[in-house]
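Read off the chains here:
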Amino acid sequence: MLDKTYRPHEVEAKIYRRWEESGAFAADPSSDASAYAIMMPPPNVTGSLHMGHALNMTLQDVLTRYHRLQGRDALWQPGTDHAGIATQMVVERALAAKGQCRLDFSREAFIDQVWAWKEESGGTIIGQLRRLGASPDWARERFTMDEGLNRAVRRVFVDLYRQGLIYKDKRLVNWDPKLDTAVSDLEVETREVKGKLWHLRYPLADDPERMITVATTRPETMLGDTAVAVHPDDPRYRELIGHEVRLPLVGRRIPIVADDHADPETGSGAVKITPAHDFNDFEVGRRHGLEMINVMDRHGCMNEAVPEAYRGLDRFEARAKVVADLEALGLVAEILDHVHSVPHGDRSGVPIEPFLTDQWYCDAKSLATAAIAAVEDGRTVFVPRQWENTYFEWMRNIQPWCISRQLWWGHQIPAWYGPDGAIFVAETEDEAREAAAAQFGEGVELVRETDVLDTWFSSALWPFSTLGWPERTPEVGRYYPGDVLITGFDIIFFWVARMMMMGLHFMGEVPFRTVYIHALVRDEHGQKMSKTKGNVIDPLEMIDRFGADALRFTLVAMAAQGRDIKLAPARVEGNRNFATKLWNAARYTEMSGCRFDPGFDPASVRLTVNRWMIGAAVRLGEAVATALESYRFNEAASALYHFTWGTLCDWYLEFTKPILAGDDAAAAAETRATTAWVMVRLLHHLHPVMPFISEELWEQIGPGDNRPLIATRWPEPDPALIDAAAAAEMDWVVRLISMVRTVRSEMNVPASAQIALLLKDATPAALGHVATHRDLILRLARLSELGPLDGPVPAGAAQAVIEDAVLVLPLAGVVDLDQERARLAKEMAKADDEIARIDRRLGNADFLAKAPEEVVAENRDRRADHVALRDKLAEALARLGDG
């Protein structure tokens with residue numbers, strides 16, 4: 001017997017353990033079944049579950065469980081990412097707490113410290129994913145630094161190097177002076193900073209009395225200027241093109257060059273060019289063959305390339321001194337307050353420095369050609385399709401990929417340097433020594449490259465390296481390419497695109513056929529969640545309070561394509577109530593003697609209400625399957641919710657109570673068998689989204705054959721079980737009762753009051769339905785009388801139209817009709833006032849320009865809600881007539 005209350009915290013751990021121990025999550029490469037594969041985006045080994053993870057992993061699990069039930073050999077490949085910078089920082093902080101630092105250790109000893117931390121504390125998120133109900137093949141869990149993936153990384157690096165697609169170059173990179181390493185664009189966050197805009201005067205070299213004024217937010221970099229640029233069509237400076245200025249404080253003569261980078265409408269129209277410390281200036285420098293002078297060291301301090309007075313100063317100390325010295329020379333024309341965007345390291349929190357340094361690069365442009373074509377010709381499809389434009393925009397303008405990082409934790413680049421600086425790239429040191437000996441004619445000392453690879457390099461190989469490549473394993477042949485990748489839009493550039501490039505280059509085929517891009521999870525007001533705002537919703541807290549199924553169902557129900565999720569704990573609580581509704585329905589059916597009969601034939605039922613319910617259950621399965629296969633997750637959840645709460649609980653179970661309590665034993669037996677059949681079928685359809693409660697109910701009210709629900713098959717759709725006539729009849733009854741309830745609610749009819757319902761202009765079909773279902777209509781609509789209208793419509797009656805009849809409800813004497821008209825009119829006016837207030841706001845250009853996008857969207861949503869309310873009130877008022 002089912003307990004009175006469903007207790008998720010008691011059920012979930014027990015069921016999950018049973019699933020794992022039974023091998024229910026395992027893929028089988030030797031299976032004859034059709035393969036289905038999803039590669040889990042590997043969360044950082046340092047990470048813990050946040051709501052974005054919860055959404056991403058829930059959607060993957062829904063698809064995996066669905067296709068598993070469809071009989072496919074489903075592989076959901078799990079694993080974690082070594083997260084180079086993040087992990088090294090965690091370990092360095094742990095050492096700092098003990099009064100130690102990384103430099104107290106040799107490289108090897110520090111890496112041992114990181115591995116020790118990983119074994120002890122890493123992978124917390126894996127346990128948290130289990131709490132969410134994730135069902136990947138945990139026995140196949142991989143780590144981007146494990147030996148198999150290490151071998152794949154070395155093979156790819158060596159092959160690309162030998163093909164000329166990996167090389168060393170001196171270019172600008174995002175440099176984090178605190179972490180002492182290059183970082184990717186993804187590891188840079190832009191912050192609005194209240195700074196200054198300094199207008200500086202540079203004297204012409206041949207006419208020191210004439211000045212050209214440039215504007216800058218970073219005056220310390222002027223020590224590395226190698227040109228001033230003006231627009232070629234700017235008449236103010238045309239005569240100066242080709243002349244030189246003398247760089248203040250330094251004395252260096254630098255040219256005035258014509259370049260489109262200079263905007264005549266911005267500042268003075270002349271810009272200082274510092275190729276070694278600005279990405280745009282770097283490109284200008286390349287176009288004009290300018291010298292590139294790096295004026296800082298790795299720690300953001302001024303180096304030997306600057307005048308002695310500035311050497312060793314921190315960049316911000318140097319800024320203050322440069323400005324003071326220029327002011328003393330009368331070369332500061334103006335200083336303006338200036339709010340501008342400054343890139344910061346997302347982990348260190350310090351401003352990023354564009355830094356000219358030798359790094360390893362991958363020729364992404366060459367690799368991108370095939371990856372662009374694969375999406376253009378539909379071999380990989382983005383859902384929603386608009387994200388293909390984002391992909392194309394980046395891929396068609398792709399820059400060389402800086403793949404080296406100045407860290408100790410990560411895949412050390414497999415390159416060695418000879419005595420003369422010659423580079424030997426090989427998979428092993430022995431191979432490198434053989435190559436060096438062949439070149440030098442004898443064994444020589446080699447020094448290993450100290451840099452490691454960008455974390456995204458190893459992640460780019462994830463779809464095939466996790467399957468055992470470079471070996472031709474059975475898994476590689478069976479599960480590559482994957483069916484779908486589910487990820488957020490923010491890593492289309494950094495991960496999706498690179499997996500496409502590497503997969504096509506090394507496997508000759510796309511890594512996945514579909515890329516589903518999910519939206520952001522925001523707070524209930526549309527604001528991005530952040531610790532500083534205090535609006536973070538912790539998924540583990542939601543699971544503790546409401547259960548994993550409630551959180552999963554909420555996220556799936558809100559995962560509409562292309563629409564951000566506005567999440568509130570109340571929504572999760574509401575879906576906890578949905579789980580409770582399901583549990584109570586199952587408990588009611590159990591107490592009513594509804595037992596699953598394996599010999600039951602749904603095609604044999606005779607009662608209209610049962611034929612209707614069986615058809616509705618079949619249509620539910622079709623709707624859920626269609627929605628999931630088209631990645632319309634919210635539509636699947638909506639179908640499940642409305643069937644369970646509405647069709648099953650609100651209607652079918654209420655319709656059939658008299659049958660179960662009646663004297664017709666055959667009708668009662670058929671209804672019990674139908675109810676049990678529908679409940680079992682519903683559990684199948686709910687399982688991908690709400691696996692815990694569906695499995696627990698299956699165990700207690702299911703077929704009782706000792707097979708867990710997770711290991712069963714999705715019910716085969718049988719259109720022959722859909723009785724259109726029965727559906728039309730019962731749906732009409734539902735609409736009639738619903739309309740009466742709506743009118744009662746709108747008119748404030750007391751719940752205890754029984755009122756009359758008269759049918760005007762009713763067709764014979766409508767009268768037939770009323771005759772057949774008279775007792776349940778009277779009971780569920782709380783009516784005192786039900787029949788056709790003979791004569792004119794009584795005064796003070798509310799009217800409503802449904803198919804085949806006009807409903808007339810005499811309300812005189814039941815409610816004060818004049819008072820109701822006044823109340824409805826007052827509420828309509830209030831709604832109109834609110835609509836007008838929002839319209840004024842949305843019509844304000846200043847508001848639209850300054851308000852965050854989510855605030856504007858929230859106002860539009862509120863307007864739509866008030867319009868719907870106003871229309872509903874107008875309908876209610878119209879039903880009362882003029883009195």
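Residues numbered from 1 in each chain as written. Predicted model: local features only at pLDDT ≥ 70, side-chain atom pairs only at ≥ 80, totals over all residues. Heavy atoms only, no water.

Trainee: I'd like to hear about the overall build of the protein, residue by residue, with values.
Mentor: Within the protein one finds 28 helices and 29 strands. Considering only C-alpha atoms, the protein reaches an extent of 110 × 65 × 55 Å along its principal axes. Split into buried and exposed, the 883 residues of the protein put 54% on the buried side. Long-range contacts, defined here as pairs at least 24 residues apart, represent 77% of the contacts in the protein between residues at least 6 apart. Summed over its atoms, the accessible surface of the protein is roughly 37900 Å², and 49% of this surface lies on carbon and sulfur atoms. Averaging the locations of the 99 positively and 130 negatively charged side chains of the protein gives two centres separated by 3 Å. (Helix = DSSP H or I, 4+ residues; strand = E, 2+ residues; numbered from the N terminus. Buried < 20%, exposed > 50% of the residue type's maximum accessible area, 1.4 Å probe, protein only. Contact = heavy atoms within 4.5 Å. Areas by Shrake-Rupley, 256 points an atom, 1.4 Å probe, with all protein chains shown as cover. Lys, Arg positive; Asp, Glu negative; His and termini not counted. Charge placed at Lys NZ, Arg CZ, Asp CG, Glu CD.)

Trainee: Describe the sheet that holds strand β18 (residues 415-417), naming the residues involved and giving the relevant values.
Mentor: Taken in spatial order, the three strands make up an open sheet running β19-β18-β20, and their pairing is antiparallel. Taken across any chain shown, the strands that pair with only one partner, and hence form the sheet edges, are β19 (423-425) and β20 (447-448). Two strands pair when backbone bridges link them, and β18 and β19 are joined in this way by three bridges, in the antiparallel orientation. Within the sheet, the bridge partner assigned to Y417 lies in β19 and is I423. (Pairing = 2+ DSSP bridges.)

Trainee: If you had to explain the sheet that holds strand β13 (residues 332-345) to someone new, which residues and values would you point to?
Mentor: Here we have three strands laid out as an open sheet, ordered β8-β7-β13, and antiparallel in their pairing. Looking at strand neighbours, the two that pair on one side only are β8 (211-216) and β13, the edges of this open sheet. Across the sheet, the mean angle separating the axes of adjacent strands is 20 degrees when strand polarity is ignored. Pairing of strand β7 (residues 188-203) with β13 involves 13 bridges; the strand directions are antiparallel. Considered in β13, the bridge of W198 is made with I335. Its contacts with the sheet place helix α8 (residues 315-328) against β7 and β13, and it is angled at close to 165 degrees to β13. (Axes fitted to C-alpha atoms, helices over the stretch in contact; angles between N-to-C directions.)

Trainee: A description of α8 should follow, citing residues and the corresponding values.
Mentor: If you check α8, its first and last C-alpha atoms are 20 Å apart, about what 14 residues at 1.5 Å a residue would give, namely 20 Å. Every buried residue belonging to α8 is among R315, A318, R319, V322, V323 and L326, and all of these are buried. Along the axis of α8, the buried residues cluster in a sector spanning 135 degrees; they form a single face. Summarising the contacts, the buried residues of α8 are in contact with β7, β13 and β14 (353-362). Two residues or fewer after α8 comes G330, characterised by a positive phi angle close to 75 degrees. (Expected span 1.5 Å × (residues − 1). Arc of directions from axis to C-beta.)

Trainee: How would you explain the packing of aromatic side chains if you had to name every residue and give the values?
Mentor: This model, assessed by the stated rule, comprises 35 aromatic pairs. Here W469 and F506 contribute two aromatic rings whose centre-to-centre distance is 5.7 Å and whose plane-to-plane angle is 70 degrees, an arrangement assigned as edge-to-face. Of this pair, W469 sits in the loop between α13 (462-465) and α14 (474-479) while F506 is found in helix α15 (residues 492-507), placing the two residues 37 residues apart along the sequence. Judged by relative accessible area, W469 falls into the buried class, the value being 8%. Taken together, the ring pairs in this structure connect F157, Y161, W360, W401 and F457 into an aromatic cluster. A cation over an aromatic ring shows up here: R102 above the ring of W408, its NZ or CZ 4.7 Å from the ring centre. (Phe/Tyr/Trp six-rings, centres within 6.5 Å; stacked < 30°, edge-to-face > 60°. Lys NZ or Arg CZ within 6 Å of the ring centre and 35° of its normal.)

Trainee: Let's hear about the environment of I838: which residues, and what values?
Mentor: Mapped onto the secondary structure, I838 falls in helix α26 (residues 817-842). Note on I838: relative accessible area 0%, which makes it buried. Taking C-alpha positions, I838 is 48 Å from A320, a pair spaced 518 residues apart along the chain. Ignoring anything within four residues of it in the chain, the contact list for I838 reads N859, R862, R863 and H866.

Trainee: Tell me about the layout of surface pockets, residues and numbers included.
Mentor: Taken as a whole, the second largest pocket spans an internal volume of roughly 1100 Å³. Residue lining of the second largest pocket: 40 residues in total, with T216, T217, R218, D278 and H340 positioned closest to the centre. Of all the elements in the fold, those that place two or more residues in the lining of the second largest pocket are β7, β8, β12 (270-273), α7 (279-288), α8, β13 and β14. The element contributing the most residues to the lining of the second largest pocket is β13, with six residues. Of the residues that constitute the lining of the second largest pocket, the class distribution is 13 nonpolar, 17 polar and 10 charged. (1 Å grid on protein atoms, 1.4 Å probe; cavity = no way out; pocket = protein on both sides within 12 Å on 5 of 7 lines; lining within 4 Å. Points joined across faces, edges and corners; volume = space filled by probe spheres on them. Nonpolar A, V, L, I, M, F, W, Y, C, P; charged D, E, K, R; others polar.)

Trainee: Kindly report on unusual backbone geometry, identifying the contributing residues and their values.
Mentor: Looking along the chain, the bond that leaves V383 and enters P384 is cis, with omega of -5 degrees. Within the secondary structure, P384 is located in the loop between β15 (381-383) and α10 (387-396). The step from W469 to P470 runs through a cis peptide bond, and the omega angle for that step is 20 degrees. Inspection of the secondary structure assignment puts P470 in the loop between α13 and α14. Of note, the phi angle at A83 is positive, near 50 degrees, even though the residue is not glycine. Checked against the element boundaries, A83 lands in the loop between β3 (79-80) and α3 (84-97). The exposure class of A83 is buried, given its relative accessible area of 5%. Notably, D180 is not glycine yet its phi reads approximately 60 degrees, a positive angle. Along the chain, D180 falls in the loop between β5 (166-176) and β6 (181-183).

Trainee: So what about the packing of helix α16 (residues 539-546) against helix α17 (residues 548-557)? Which residues, and what values?
Mentor: Two elements in contact, α16 and α17, have axes separated by 7 Å at closest approach and are oriented at 125 degrees. Judged by the angle between their axes, α16 and α17 are oblique. On α17, the residues that touch P539, M542, I543 and F546 of α16 are A548, A550 and L551. A class-by-class count of the residues in the contact of α16 with α17 yields seven nonpolar, no polar and no charged. (Parallel < 35°, antiparallel > 145°, perpendicular 65-115°, else oblique.)

Trainee: Give me the lowdown on the nonpolar core, citing residues and values where you can.
Mentor: Counting residues in hydrophobic clusters, the biggest one holds 144 residues, and the most contacted among them are W612, F633, L648, F655 and I737. Sort the elements by how many residues they give to this core and helix α19 (residues 608-629) lands first, with 12 residues. Grouped together as the second largest cluster of nonpolar side chains are 63 residues, F382, W469, I491 and M501 included. (Core = buried A, V, L, I, M, F, W, Y, C linked by side-chain atoms within 4.5 Å.)

Trainee: I'd like a description of the side chain of N610, backed by residues and values.
Mentor: Relative to the elements of secondary structure, N610 occurs in helix α19. Residues within four places of N610 in sequence aside, it is in contact with V605, Y652, T656, E670, T671 and T674.

Trainee: If you had to explain the pattern of salt bridges to someone new, which residues and values would you point to?
Mentor: All told, the structure shown has 61 salt bridges when counted by the stated rule. Between D180 and R298 there is a salt bridge whose closest N-O contact spans 3.0 Å. One end of the pair, D180, is in the loop between β5 and β6; the other, R298, is in the loop between α7 and α8, with 118 residues separating them in the sequence. Between R287 and D259 there is a salt bridge; the shortest N-O distance is 2.8 Å. (Salt bridge = Lys/Arg side-chain N within 4 Å of Asp/Glu carboxyl O.)

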